[in-house]
Amino acid sequence: EVFAVIALGGSIVLLWMAFGMFRSLPKLSMDVGEVQSKGQGHVLAGITMSLANPYWVLWWATIGLGYVLYCRQFGIAGIAFFFSGHILADFLWYGFVSLAMAKGRHLLSDFLYRALIGVCAGALVFFSGYFIYTGSVATIWPMFGISNQLLSGLALTIATTILIKMKKFKYNSVTLLPMVVMLF
């Protein structure tokens, strides 16, 4: 069956990712040295790094494509709402992560950072074993969908709140309408 092949392939990829994470644990460090920035080209560099990331390509070739195909039933507006909500959620999430790393790096020790990466790698091994054991991604697929939709809704809610606090009311429709679609 096709789902068994997908589950086996997915479990192999998860094991490969976990192995890489476990292998990198001894040399992981929160110290990135002195960062010199001219303030130009950060967005382009981020876009380039995203496009070069094999996990990004893999996500869009599998899960992302599934969402786009599902959204086709709502026409071009459905695809546009999904895509804009997803991209906005990515932008807000990665903005939060970079701000947290820049401002809160001293709060996380190297030991705690390695432990966190080890736990995440262990979770990948668990899900890999789950896929091999069940031979199906059917039970976990709805969880990915729900978590993606909730993350998008949360990001859009935060963006709407920020726009309201900044008194940029004319831009509220950009985030408010997709937020309603994602959450309801």
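In this text the structure is predicted, and so the values were computed from the model without any measurement.

Caption draft 1: Broad picture of the confidence of the model for the protein. Taken residue by residue, the protein gives an average pLDDT of 79. The fraction at 70 or more is 84%. Confidence scores differ between elements of the protein, with helix α2 (residues 42-52) showing the lowest mean pLDDT of 73 and helix α5 (residues 110-134) the highest of 85.

Caption draft 2: Seen up close, the environment of Gly20. Here Gly20 shows up in helix α1 (residues 2-24). Residues Gly20 and Ala121, 101 residues apart in the sequence, show an inter-C-alpha distance of 8.6 Å.

Caption draft 3: Quick look at the side chain of Ser128. You can see Ser128 is positioned in helix α5. Polar contacts involving the side chain of Ser128 include one to the main-chain carbonyl oxygen of Ser11, which spans 2.8 Å. Setting aside residues no more than four positions away along its own chain, Ser128 makes contact with Ser11, Leu14 and Leu15.

Caption draft 4: Fine view of unusual backbone geometry. For Lys167, which is not glycine, the phi dihedral falls at a positive 60 degrees. Within the secondary structure, Lys167 is located in the loop between α6 (141-165) and α7 (172-183).

Caption draft 5: Examining the packing of aromatic side chains more closely. For the coordinates displayed, the defined rule picks out 3 aromatic pairs. For the ring pair Tyr67 and Phe82, a centre distance of 5.6 Å and an interplane angle of 40 degrees mean the geometry is tilted. Of this pair, Tyr67 sits in helix α3 (residues 54-71) while Phe82 sits in helix α4 (residues 75-104), placing them 15 residues apart in sequence. In terms of burial, Tyr67 and Phe82 fall into one category: buried. Seen in terms of ring centroids, Phe126 and Phe127 are 5.4 Å apart; in terms of plane orientation they differ by 70 degrees. Their pairing is edge-to-face.

Cut-offs used in this document
Residues numbered from 1 in each chain as written. Predicted model: local features only at pLDDT ≥ 70, side-chain atom pairs only at ≥ 80, totals over all residues. Heavy atoms only, no water. pLDDT = per-residue confidence, 0-100. Helix = DSSP H or I, 4+ residues; strand = E, 2+ residues; numbered from the N terminus. Polar contact = N/O pair within 3.5 Å; in protein donor to acceptor, adjacent residues only side chain to side chain. Contact = heavy atoms within 4.5 Å. Phe/Tyr/Trp six-rings, centres within 6.5 Å; stacked < 30°, edge-to-face > 60°. Buried < 20%, exposed > 50% of the residue type's maximum accessible area, 1.4 Å probe, protein only.

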